[in-house]
Amino acid sequence: MGLTFAGAAVAAAGDGATLYSDATVIDGTGAPPRPHQDILVRGQRIAAVAPHGTIAGAGSAQRVDATGRFIIPGLIDSHVHLATPPDAARAKAVLRRNLYGGVTAVRDMADDLRSVGELAREALAGEIPAPDIYYAALMAGPPFFEDPRVQQASLGVKPGAAPWMQAIDDRTDLRTAVTLARGTSATAIKIYADLPASLVKGITEEAHRQHILVWAHSAVFPTRPADVIAAGVDTVSHVCYLAYQVEPVMLASYEDHTPVHEALLAAKGDDPVIAGLYKAMREHGTILDATGSLFVRHDTERKAHPDRKPLRCTGSTTTRLTRQAWKAGVPISTGTDNSHGPDHDWPEVDDELVFLARDVGMPPLEVIRSATLIGARAAGQDRDMGSVEPGKLANFVVLTADPLADIGNIRKIDRVVKRGRAYPRSDYRPTTRTEMGDGDDD
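Nothing here was measured: the structure is a model prediction, and the numbers come from that model.

About the thresholds
Numbers given for residues are sequential positions, taken from 1 along each chain in its written order. A pLDDT threshold of at least 70 governs which residues receive local features in this predicted model, and a stricter bar of 80 or more applies before side-chain atom pairs are shown or counted, although totals over entire chains, interfaces and linings include all residues. To obtain the side-chain values, all non-hydrogen atoms of the structure were used and water was disregarded. By definition, any uninterrupted DSSP run of H or I lasting at least four residues is a helix, any uninterrupted run of E lasting at least two residues is a strand, and each is numbered from the N terminus. All radius of gyration figures rest on C-alpha atoms, and the globule criterion is 2.2 Å times the number of residues raised to 0.38. We call a residue buried when its accessible area falls under 20% of the maximum for its residue type, exposed when it is over 50%, and partly exposed in between, using a 1.4 Å probe and counting protein chains only. Any two residues having at least one pair of non-hydrogen atoms within 4.5 Å are treated as being in contact. For the accessible areas, the method is Shrake-Rupley and the probe is 1.4 Å, while residue cover comes only from the protein chains on display. Here Asp and Glu are counted as negative and Lys and Arg as positive; His is not counted, and neither are the chain ends. Charge positions are represented by NZ for Lys, CZ for Arg, CG for Asp and CD for Glu. pLDDT runs from 0 to 100 and stands for how confident the predictor is about each residue. Under the rule applied, a polar contact is a pair of N or O atoms within 3.5 Å (in protein, one hydrogen donor and one hydrogen acceptor; residues adjacent in sequence only if both atoms are side-chain atoms). To form a nonpolar core, buried Ala, Val, Leu, Ile, Met, Phe, Trp, Tyr and Cys residues must be joined to one another through side-chain atoms within 4.5 Å. A side-chain nitrogen of Lys or Arg and a carboxyl oxygen of Asp or Glu constitute a salt bridge if their distance falls within 4 Å. Pairing between two strands is assigned when DSSP locates at least 2 bridges connecting them. Throughout, right-handed denotes a crossover for which the path from the first strand over the helix to the second runs clockwise when the strands point away from the viewer. To get an axis, fit a line to the C-alpha atoms, keeping to the stretch in contact for a helix; angles then go from 0 to 180 degrees between the N-to-C directions. Throughout, the term roughly parallel applies to angles under 35 degrees, roughly antiparallel to angles over 145, roughly perpendicular to angles from 65 to 115, and oblique to all others. For any pair of crossing helices, the crossing counts as left-handed if the nearer helix is rotated counterclockwise from the farther one by less than a right angle, and right-handed if it is rotated clockwise. As a working rule, the residues Ala, Val, Leu, Ile, Met, Phe, Trp, Tyr, Cys and Pro are called nonpolar, Asp, Glu, Lys and Arg charged, and the rest polar, with Gly in that last group. Pairs were defined over the aromatic rings of Phe, Tyr and Trp, the Trp ring being its six-membered one, requiring ring centres within 6.5 Å. Orientation was assigned from the angle between planes: stacked under 30 degrees, edge-to-face over 60, tilted for the rest. Here, a charge over a ring means that NZ of Lys or CZ of Arg falls within 6 Å of the ring centre while also lying within 35 degrees of the ring normal.

**Q** Go over the overall build of the chain, please, and point to the residues and values.
**A** Looking only at helices and strands, the chain has 13 helices and 18 strands in total. For 442 residues, the compact-globule estimate of 2.2 N^0.38 gives 22 Å, and the C-alpha radius of gyration of the chain, at 22 Å, lies within 12% of that figure. Its C-alpha atoms put the chain at 65 × 55 × 45 Å along the principal axes. Residues classed as buried in the chain amount to 55% of the 442 residues present. A separation of at least 24 residues holds for 72% of the contacts in the chain among residues at least 6 apart in sequence. Accessible surface, the chain as shown: approximately 17600 Å² in total, 53% of it carbon and sulfur. One way to put it: in the chain the 47 positive side-chain charges average out to a point 3 Å from where the 56 negative ones average out.

**Q** Could you give me a rundown of the confidence of the model for the chain, with the residues and numbers involved?
**A** Confidence along the chain averages 94 in pLDDT terms, with 95% of residues attaining 70 or more. Confidence, read as mean pLDDT per element, is least for helix α1 (residues 2-13) in the chain (33) and greatest for strand β5 (residues 70-73) (99). Every residue in residues 1-14 is under pLDDT 50, and counting partners more than four places away or in other chains gives five contacts.

**Q** Any chance you could break down the environment of R182 for me, citing the residues and the numbers?
**A** In this structure, R182 sits in helix α5 (residues 174-182). Owing to a relative accessible area of 41%, R182 belongs among the partly exposed residues under this scheme. Distance from R182 to L138, taken between C-alpha atoms, is 11 Å for residues 44 residues apart in sequence. Beyond its immediate sequence surroundings of up to four residues, R182 is in contact with Q210 and I212. A polar atom in the side chain of R182 sits 3.1 Å from the side chain of Q210.

**Q** Let's hear about the nonpolar core: which residues, and what values?
**A** Counting 103 residues, the largest nonpolar core has I133, F144, I191, Y278 and L288 as its most contacted members. Contact partners of I133, with chain neighbours within four places excluded, come to L82, L95, V106, D108, V116, L119 and A120. In this structure, Y20, I71, A394 and F396 belong to the second largest nonpolar core, which totals 15 residues.

**Q** How would you summarise the side chain of H298 if you had to cite specific residues and measurements?
**A** With respect to the secondary-structure elements, H298 resides in helix α9 (residues 292-304). Accessibility expressed as a relative area gives 14% for H298, which makes it buried. Engagement of the side chain of H298 in a polar contact is seen with the backbone oxygen of K309, the distance being 2.7 Å. Ignoring anything within four residues of it in the chain, the contact list for H298 reads K309, P310 and L311.

**Q** Give me the pattern of salt bridges: which residues, what numbers.
**A** Evaluation of the coordinates by the stated rule reveals 24 salt bridges. Here R411 ties to D350 by a salt bridge, and the two come within 2.8 Å at their closest N and O atoms. Of this pair, R411 sits in the loop between β16 (396-399) and β17 (413-418) while D350 sits in helix α11 (residues 349-360), and the two are 61 residues apart along the sequence. The partly exposed category is assigned to R411, whose relative accessible area is 34%.

**Q** Residues and numbers for the environment of P272, please.
**A** Here P272 shows up in helix α8 (residues 272-284). Between the C-alpha atoms of P272 and V246, which are 26 residues apart in sequence, the distance is 9.7 Å.

**Q** So, the environment of P148: which residues are in play, and what are the values?
**A** Its place among the elements puts P148 in helix α4 (residues 148-153). You can call P148 exposed: its relative accessible area is 57%. Separated by 145 residues in sequence, P148 and S293 place their C-alpha atoms 26 Å apart.

**Q** Report on the pairing of strand β12 (residues 213-217), specifying residues and quantitative values.
**A** The buried fraction of β12 is high, at four of five residues. Sheet topology note: the strand β11 (residues 188-191)/β12 ladder contains four bridges and is parallel. Following the sheet pairing, A188 is matched in β12 by L213. Two elements, β12 and strand β13 (residues 235-237), share three bridges in a ladder whose sense is parallel. Looking across to β13, one finds that A216 is bridged to V236. This β-α-β element, β12 to helix α7 (residues 225-230) to β13, shows right-handed connectivity.

**Q** I'd like to hear about the packing of α8 against helix α10 (residues 315-327), residue by residue, with values.
**A** For the pair α8 and α10, interaxial distance at closest approach is 10 Å and the crossing angle is 45 degrees. In this view, α8 runs oblique relative to α10, as classed from their interaxial angle. Pair α8 / α10 crosses with right-handed handedness. Across the interface between the two elements, I274, A275 and Y278 of α8 pack against L321, Q324 and A325 of α10. Taken together, the residues of the contact of α8 with α10 break down into five nonpolar, one polar and no charged.

**Q** So what about the packing of aromatic side chains? Which residues, and what values?
**A** One pass over the structure, following the stated rule, counts eleven aromatic pairs. Between F144 and Y192, the ring centres sit 4.6 Å apart and the planes meet at 35 degrees, which makes this aromatic pair tilted. Remark: Y192 occurs in the loop between β11 and α6 (197-209) and F144 occurs in the loop between β8 (132-140) and α4; sequence separation between them is 48 residues. Judged by centre distance (5.2 Å) and plane angle (65 degrees), the rings of Y192 and Y254 are edge-to-face. With Y192 in the loop between β11 and α6 and Y254 in the loop between β13 and α8, this pair connects stretches of sequence that are 62 residues apart. The pair Y192 / Y254 is uniform in exposure class, with both members buried. Within the aromatic cluster, the residues linked to one another by ring pairs are F144, F145, Y192, F221, Y241, Y244 and Y254. The residue whose ring lies beneath R107 is W215, and the NZ or CZ to ring-centre distance is 4.4 Å.

Structure representation (structure tokens):
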């Protein structure tokens, strides 16, 4: 009875019609902005988008005057971690900050799915202010399961034996392994580390046979990036890892954190080896989850804290590789793979948009497409979200300033609409140190 009533309450809350009137619409497809548009929302979906005053049957709808406003699709962070280890208070605080900051969907890239699954249900039901969550079940070679993070995310289950974190080797029945992963309600398999090319290919083929996406690190160690791409995975994460393709000897395991020898890349211009990878990605339709701002930020922090270990690439090389990907026509999503502490009022994905616009040089119109439609494709949800179009979910952000004039204007938020429900920015409650723990950035 409780589930029935809760579902009815959510449906009732979204049944009314609302007309957002006379806005400039940046629809997320890469098309030029369209001024003086009306958007009619019925329930959770967009019923119509048309020039101001031309939508028939909108007379009884509640009206929101959006004159002088700019509407973009809800942003998508394509690389988050919400539950390693599980901490519901922190996760809900981060999700609240994301939603009120314009993020209407996220891709969780492998955590304790017992916790993530409940967060996803609460977000979908509207019980908590949160983006929708699409998540992955992890597969890796046995050596990875010595990682303490695995033990945090599979508490109570032998490491490597949880359906959401499975150790894979030549003896594994891949059909059963993928079926177990699907039973977690995961959207995808994440291929993480310590697997040979034959198993990367085998997992990918079986996952696709069972109609589940495959998200992978761009180098799986000892599998080179070229073999990860050739396996047919749907997305690859971390543009930096692609540079391992130029190494004469590939690292034998993920646990070896030797940075890329950046001097092996072309001294100037596009690197030809990387160009070959990007050509293969275009041919396969592989999306790049670059996570570039993470590397740039780490370089900045190391200047103040030189004792910190370097990441696998410098920020400058990460920027260069991302720029080459963009110019080569590789679709790029906006993933972050890090979480700010309680003193930040805005989502981490903002940093990735700024990285793409100001460091990489992408025009803001293309940055918005990366953060919306490409992100939706990465999550396998582009039929329902990622652009402001009739029939899609009413997931969009109403801005008071033009993000094409300055990408920083993505923070000029009047309200966020998710599944037809409005979340005014003025209602945002900042995260607290009690919710966020020690307050240090991850």
